[in-house]
Structures are given as structure tokens and as C-alpha cells.
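If you want the building blocks of each chain, they are given just below.
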Amino acid sequence: SYRVVSRRLACGDVEGRLEAIFGRVRAIQAKSGRFDMLLCVGNFFGATSEAEWAEYRTGAKKAPIPTFVLGANNQDTLSYFPDVSGCELAENITYLGRRGVYSGCSGLQIAYLSGTEAQQQPAPAHSFSAKDVAELKTSLLSTPNFRGVDILLTSPWPRDVGTFANSAGEIDTKKCGSKLVSDLAASLKPRYHFAALEKVYYERLPYRNHMVLQETPQHVTRFIALADVGNTSKKKYLYAFSIVPMSSMDPAELVKQPQDVTENPYRKLRKEAPKSKAPLSAEEEPACQFFFDLNKHQGKKRPSDGKERGDSQPKQAKKPPQPTGPCWFCLASPEVEKHLVVSIGTHCYLALAKGGLSPDHVLILPIGHYQSVVDLSSEVLEEVTKYKAALKEFFRSKGKRYVLFERNYRSQHLQLQVIPVPLDLCTSEDIKEAFIGQAQEQQIELLEIPEHSDIAQVAQPGTPYFYVELDTGEKLFHRIRGRFPLQFGRWVLASEALLAQPQRADWRQCAAQRPEEAAQAGAFRREFEPFDFSLRD
């Protein structure tokens, strides 16, 4: 089918330097051929624009390319924009307007938002409010089969754009930019998002717009911040790119994921947003009805209702396999350090971790020899769940939340590591971000899986994996296919982002003498007693 490839230029703050930007565009077009349009973000006009601008406004000079600009970001330049809804400012120079969507004849969709985020109500004429963003979102999200826009133009950066990403240099993306722009980008899913105002060039790694394992794949977004025109530091202020409109692309080609794709930096906003029930097209099934079998070839799904190929019988109680050699964690084994045991149930027991991250770092362990959660029989799994509930109640009574992780890799007896983290230290979202961010740095794909699913739905017995679970039921999962850092879970929890105790990342550096361990276990046992169901059952 015939497809129109658009060649576009985007530039950062022009600040009235019209000769500089148009001279550069002429040089590029002489060397590389014609471009279709120039998109300008940030401050198009500056304090000393008047003399240069007068020549273009009167028609004495003409822009060499159709140029589209955003509106004022401050009171001083408001007078250059006579019509709030957009207008031609001079031949070949068009002000897009306060907010809206520009659709070219090629089918390319460009969403735009002028100004900076309002710090007061009512919003000044050079600012946008939450209402502006909501109205722009609604106008697009209400269109049938909305998948995203091709380009988003804003002057401010989106807040937190650097999360899970390559460094933005001296710019602190947690403090810089606008939360409303982040919200807009999260909803509109642009393929390219351009911004300026910070006087630096930053091309973020592309990020995905869907939750792996939970949503059908979608296209990625590339965020590009541009420097100011003619800056003395030679920072990049002009960006050339070719783009085929989303509407005329093959869906499979559109959703291809580049190798360097990252997690979505606005995943918090996406989770908080009310779930809009978009109608599914005929070839899409609701993703929530399936869990992916990571052992099979990609894309293969298996139903989550347990009715697979006659597998409708309840799970039979199975005897655990016998260890092939001495095991440090089978309770009947002479190798077990029994002074660390703090609670014994019917099928599981609780023990303090040797060299724990904190004095109340505990392990949930099956009494019999099971390698992983996936291998557990139903009655053992039931008791694991009871221990998790008891520990949640216990730690919450002390103003903490627990983080649990399991590494089913180079280990022969299941150990569920349970580490408490003070509630006022970080949110559950901070914990997930720390794990996903550190995983990404090490080329580990840690994916969020549906809260009400269990690990057995995404991993077969014998599959090496690492998983994290919060006491809210939220879970992250990595299918181990090669090497995996054995201390990864501890590294993340000990890092500056969470417990800020990097010196405790290696348990061997933290191991105490036996009498001290026994005293710690005794203290934990006494405190945990009111919550310990094994003493009442």
C-alpha cells in the first residue's frame, strides 16, 4: 500500500534568533533535500525579537519552510500571539494555538500544548491548567480505536521522564518539568515527544507504552529535548527525523520493540488513571483472561482457568523429592542452624536470615525439600500464604511493609526472603521502581505481573526465575535465561534508593556470632508470638 514518509525538523527555543534558525534550515535543505515542516517548541520569541521579526511579519523576508510554533511561556512575549486559538503570524509561520491536534494531509497527527504549567488559578494566558490537559486528552481518547498520536509538542519537559532511563546530565528529571505534561504523554502515547526550555539536548531511550504480560504490545515513545538555537556550547537544537503516519503503518511494524526499550517512566500515572473500557477490536482478546507461558514460544497463551487439556482435577498432594545431598534448609537435616528458627508450622517454618539485611529479616521455608514455590503442593502453599499474612500484620504493627523475593536459580531448597522496610521510607511504587531500574541497568527484564495471579501461572516447574512480591500483592517477575547475579535482591534493597545500607548487600559481611544470632531469634520469637498462628492451630 502507498505510504507517505514525512521528513520533519524539530527545534528548541528560537528566542527570536530567526536568521540563525532559518539559515541553518536552508543549509540542511541544500545538503539533504527538502523537509516538509519545522516544529518549534519552547520560546519562539525572545526579549530582543522585534527587529528581526518585523522583516518576517511585513513579508520582507519569508521562512524557507512551513514553520509551526507553540505559544508564549511568559508575559513578555504574549503580544506576539494575537489569537488564542491559533493563527498565521507571517507567511509560512503558523501559531498552532493553546492546545489541540494538527492533522496534516498525510494523516500525521500532531498534538500540542502551549505554555508552562500554571502555578495559580485562574491560569495566566501563557500557562495551561489541569482542565486544559483533561480537555485535550478527552478530545483524543474519545475517538474510536485511539492508539496514540504521532507527535506531541510541549514546551516544558514531562516530570520524571528520566526514570528507568539514560542520564539527563545536569537536569534532575524528578524536579524539572511538569506533572501535567507527564500525564498527557502517558495518555496520548506519542511516537515522538519534543520539549525545550532547559537549554540542553537530551534524547531519552525509547520507552514502552504497554505493560508486558498484561496488555497487547503497543508502539514505543521517543522523548527528545532540544537546546536553544545558536547556543555557544554547540548543544543540539535541531533534530531531523522521518516518520510514516501511524494510520498508514502495518500494525506489526508499528509495535516492533527496539532492543534498548525501557519501562514506561510514567507507570505510576498509568496505574492511578481510571481504567477506560476501550472497545476491543475483533482480533484482540481481553488480556486479563490469559497468563503467558514463558516457557513456550513467544505469544503462546494459556488459559488461566485451569481447564487445560483435561487438567480439571484438583492438585494432588505430592511428597517432596528427597535432596540429593546435605541440605541446609530441610528441617530434619543435621545441617540446619536450629537456633535461627523462630516458628514451626505443619508444613513450613520461619527462620531468621543468616547475615540478614536487618535484625527482622526472615525466611519462609518448607519443612520438606521443595526447590521453588512452583513445586509446592497445595497444603504447603496454603501455609506459606498464612505465614505471609501473619508477617504482614506483624510488620504493619511496627510501621513497616515487607518485600519478599525468591531466586529459583542455583539453589536447591526454596527460600522466601522477607525483608521489612519502614512505611515512611518509601512507597510500594518506589520499591518497584528501584527493582525495575536496577534490573534495567543489568539488562534484566523484570516485568510486573497481574496482582491476583500466582507464579505457577507464569513459570513451569524447573524454570529458573527471580520474583519480588510486596505485601500489597503486587509482583515483579524475571525468567532467568542465562547468568543472574545471586545477590540481586539484596543489592536492590540495600541500595541508596531503599534501605541505604550498601555495606549489607553481601550476607557474608553481615553474619553475627552464634550467641548474638540466638539472642536476635529469641527477641523476634517473643515479638511475633501474638501473630504466630502455629501456636494456636
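Quick look at the structure, then. (Residues numbered from 1 in each chain as written. Predicted model: local features only at pLDDT ≥ 70, side-chain atom pairs only at ≥ 80, totals over all residues. Heavy atoms only, no water.)

## As for the pairing of strand 22 (residues 416-422)
Part 1 of the argument: Here strand 22 lies mainly inside the structure; 6 of its 7 residues are buried.
Part 2 of the argument: Pairing between strand 20 (residues 362-366) and strand 22: 3 bridges, direction antiparallel. Looking at the pairing, Val362 lines up with Val418 of strand 22.
Part 3 of the argument: In terms of strand pairing, strand 21 (residues 400-408) meets strand 22 through 6 bridges, oriented antiparallel. Opposite Tyr402, over in strand 22, you have Pro420 as the bridge partner. (Buried < 20%, exposed > 50% of the residue type's maximum accessible area, 1.4 Å probe, protein only. Helix = DSSP H or I, 4+ residues; strand = E, 2+ residues; numbered from the N terminus. Pairing = 2+ DSSP bridges.)

## A word on the pattern of salt bridges
Part 1 of the argument: Using the criterion set out here, one finds 28 salt bridges in the structure.
Part 2 of the argument: For Arg57, the salt bridge identified is with Glu50, shortest N-O distance 3.1 Å.
Part 3 of the argument: Using a relative accessible area of 42% as the deciding quantity, one classes Glu50 as partly exposed.
Part 4 of the argument: The salt bridge involving Arg396 is made with Asp471; its shortest N-O contact spans 2.8 Å. With Arg396 in helix 7 (residues 378-397) and Asp471 in the loop between strand 24 (465-470) and strand 25 (475-479), the pair connects residues that are 75 residues apart, well separated along the chain. (Salt bridge = Lys/Arg side-chain N within 4 Å of Asp/Glu carboxyl O.)

## Description of unusual backbone geometry
Where the residue is not glycine, phi is negative for most of them; where a peptide bond is considered, it is trans in most cases.
Part 1 of the argument: Look at the link from Gln121 to Pro122: it is a cis peptide, with omega at -5 degrees.
Part 2 of the argument: Even without a glycine there, the phi angle at Glu15 is positive, about 50 degrees.
Part 3 of the argument: At Ala500, a position not held by glycine, the phi torsion is positive, near 55 degrees.
Part 4 of the argument: With respect to the element layout, Ala500 can be found in the loop between helix 9 (488-494) and helix 10 (514-528).
Part 5 of the argument: For Ala500, a relative accessible area of 37% translates into the label partly exposed.

## Topic: the sheet that holds strand 20
Part 1 of the argument: Strand order in the open sheet formed by 8 strands is 18-19-20-22-21-24-25-23, and the pairing between neighbours is antiparallel. Among the strands making up the open sheet, the edge pair consists of strand 18 (341-344) and strand 23 (447-449). Going from strand to strand, the sheet's axes swing by 25 degrees on average, the running direction of each strand aside.
Part 2 of the argument: Note: strand 24 against strand 25, 5 bridges, orientation antiparallel. Bridging across to strand 25, Val468 finds its partner in Leu476.
Part 3 of the argument: Helix 10 rests against strand 18, strand 19 (348-352) and strand 20 of the sheet, and its axis sits at about 125 degrees to strand 19. (Axes fitted to C-alpha atoms, helices over the stretch in contact; angles between N-to-C directions. Contact = heavy atoms within 4.5 Å.)

## Overview of the packing of helix 3 (residues 130-141) against helix 4 (residues 179-188)
Part 1 of the argument: The geometry of helix 3 relative to helix 4 is characterised by a closest axis approach of 10 Å and an angle of 5 degrees between their N-to-C directions. Of the possible angle classes, the one that applies to helix 3 and helix 4 is roughly parallel. Residue-level inspection shows Ala130, Val133, Leu136, Lys137, Leu140 and Leu141 of helix 3 in contact with helix 4, the latter providing Leu180, Asp183, Leu184, Ser187 and Leu188.
Part 2 of the argument: In the contact of helix 3 with helix 4, the residues fall into 8 nonpolar, 1 polar and 2 charged. (Parallel < 35°, antiparallel > 145°, perpendicular 65-115°, else oblique. Nonpolar A, V, L, I, M, F, W, Y, C, P; charged D, E, K, R; others polar.)

## Some remarks on the packing of helix 7 against helix 10
Part 1 of the argument: As a packed pair, helix 7 and helix 10 sit with axes 11 Å apart at the nearest point and diverge in direction by 95 degrees. On the basis of the axis angle, helix 7 is roughly perpendicular to helix 10. Of the residues in helix 10, those touching helix 7 at Ala390, Leu391, Phe394 and Phe395 are Phe524, Glu527 and Phe528.
Part 2 of the argument: Looking at side-chain class alone, the contact of helix 7 with helix 10 contains 6 nonpolar, no polar and 1 charged residues.

## Let's talk about the nonpolar core
Part 1 of the argument: Of all hydrophobic cores here, the largest spans 37 residues; its most connected members are Leu391 and Phe524.
Part 2 of the argument: Breaking this core down by element, the ones donating at least two residues are strand 19, strand 20, helix 7, strand 21, strand 22, strand 23, strand 24 and helix 10.
Part 3 of the argument: In terms of residue count, helix 7 provides more of this core than any other element does, 7 residues in total.
Part 4 of the argument: If sequence neighbours within four positions are ignored, Phe524 has contacts with Val342, Leu350, Leu352, Asp360, Val362, Leu391, Phe394 and Phe395. (Core = buried A, V, L, I, M, F, W, Y, C linked by side-chain atoms within 4.5 Å.)

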